[in-house]
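# Summary of structural features
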Amino acid sequence: METVHTIQWMKALAQDALVNERSLGLVPTMGALHEGHFSLVRAAKRKCSPVVVSIFVNPKQFGPSEDLKKYPRTFEADREALAGLGVDILFAPTSEEMYPAGFNTSVSVKGLSDRWEGRVRPGHFDGVATVVLKLFEIVQPRIAFFGRKDAQQARIIRQMATDLNLNTEIDLCPIVREPDGLALSSRNVYLSPDDRRAAVAISQALAACQGSISGGERDLANLLATMRAKLESEPRLTVDYAEIVDADSFEPVRVIRGNCYALIAAKVGGTRLIDNACIESESDAVRVLL
Ligand code: AMP
């Protein structure tokens, strides 16, 4: 595995893949890698060669009071794990390389970026869209792999790719969870043992919603009540939002139709966690994917 720190060298390698008609896959990450990231790498390995993983803790997607400084950084362990998975190129630019003095452009996907995570974290999705567009331009991937864990982020990137006629296809991969259901996240290392026990209420709330739907419940108010009751039963949780939204518009739905997401964001101790379940419905059949 080659480790690349400069944009110029990464572009040269990407150009080489293009000229040789190879199908380059990109997995963008902020490092502190876990099985969720590795599942994206495996998906990329199945469909693409070469596979590039980027590690870049993007300052533009952190708010002034967020955890940029203390965000977990485990570069050497990440590099070893990626080499073991057969990744071809690790692209790890510095902040100065990505945002040199005078950098003055921001990409903004209107509407979709203002809701849910965007409302709680103003400017977050502009930072994400800007860095992802830069990564796509530098790496020129045929396919880029994202996790459904960040469903709104993936939807925004898809919109950007459509609107700007990008040559990159967006592949959405399932959520990887701990055995008790907690979605893997680099931020889980912040959780104290008590927080960790409490955090499982988030996935349990989604599982309760799944259980209600399997039992035939379709009334939206009842589904939301089930989900919220589970969250409220855990006193260590502070819920930012718990909603069921249309998978395309991310607007709250009135009835379960087409594809929806049950979205939850909550704070446990000082740690903000997000999770979701995908609700797929076709006529009377409804399937919930955790
Ligand atoms: P991050 O390093 O947190 O920016 O995440 C990089 C990519 O990994 C994003 O596409 C995330 O959605 C994805 N990801 C993070 N956690 C998980 C998980 N538990 N399961 C699947 N994908 C994940």
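Cut-offs applied
- Residues numbered from 1 in each chain as written.
- Predicted model: local features only at pLDDT ≥ 70, side-chain atom pairs only at ≥ 80, totals over all residues.
- Heavy atoms only, no water.
- Helix = DSSP H or I, 4+ residues; strand = E, 2+ residues; numbered from the N terminus.
- Buried < 20%, exposed > 50% of the residue type's maximum accessible area, 1.4 Å probe, protein only.
- Contact = heavy atoms within 4.5 Å.
- 1 Å grid on protein atoms, 1.4 Å probe; cavity = no way out; pocket = protein on both sides within 12 Å on 5 of 7 lines; lining within 4 Å.
- Points joined across faces, edges and corners; volume = space filled by probe spheres on them.
- Nonpolar A, V, L, I, M, F, W, Y, C, P; charged D, E, K, R; others polar.
- Disulfide = S-S within 2.5 Å.
- Domains from an automatic or database assignment.
- Buried area = accessible area lost by both parts, 1.4 Å probe.
- Salt bridge = Lys/Arg side-chain N within 4 Å of Asp/Glu carboxyl O.
- Expected span 1.5 Å × (residues − 1).
- Arc of directions from axis to C-beta.

### Observations regarding the environment of M30
Note on placement: M30 falls in the loop between strand 2 (25-29) and helix 2 (35-47). The class of M30 is buried, set by a relative accessible area of 15%. It is 22 Å that separates the C-alpha atoms of M30 and A101, two residues lying 71 residues apart in sequence. Once residues within four sequence positions are removed from consideration, M30 is found in contact with I55, F56, V57, N58, Q61, F62 and Y71.

### Remarks on empty space enclosed by the protein
Over the atoms a probe the size of a water molecule is rolled, and this reveals where empty space is left. Scanning the model with the defined rule gives one cavity of 30 Å³ or more in all. If you add up the space inside the largest cavity, you get close to 60 Å³. Of all the elements in the fold, those that place two or more residues in the lining of the largest cavity are helix 8 (193-214) and strand 9 (271-282). Within the lining of the largest cavity, the residues separate by chemical class into six nonpolar, three polar and two charged.

### Observations concerning the state of the cysteines
Summed over the entire model, instances satisfying the criterion amount to zero disulfides. With no disulfide partner, C48 has as its closest neighbouring cysteine sulfur the one in C173, 10 Å distant. The thiol of C278 is unpaired, and the distance to the nearest cysteine sulfur, on C260, comes to 8.5 Å. Assessed through its relative accessible area of 8%, C278 is described here as buried.

### Comments concerning the domain arrangement of the protein chain
Split by domain assignment, the protein chain resolves into domain 1 (2-173) and domain 2 (186-289). For domain 1 versus domain 2, the distance between C-alpha centres works out to 26 Å. At the interface, 22 residues of domain 1 touch 23 residues of domain 2. Each partner contributes to the roughly 1,900 Å² buried at the junction of domain 1 and domain 2, and carbon and sulfur atoms together form 50% of this total.

### Points about the pattern of salt bridges
One pass over the full model with this rule turns up 16 salt bridges. Bridged by salt links that share partners, the residues E117, D240 and R272 form one connected network.

### Overview of helix 9 (residues 220-232)
The end-to-end C-alpha separation of helix 9 is 18 Å, in line with the 18 Å expected for 13 residues at 1.5 Å each. Inspection of helix 9 places L220, L223, L224, M227 and L231 among the buried residues, and these make up the whole buried set. Viewed along the axis of helix 9, the buried residues span an arc of 95°, placing them on a single side of the element. In helix 9, the exposed positions angled more than 90 degrees off the buried face are occupied by A221 and E232.

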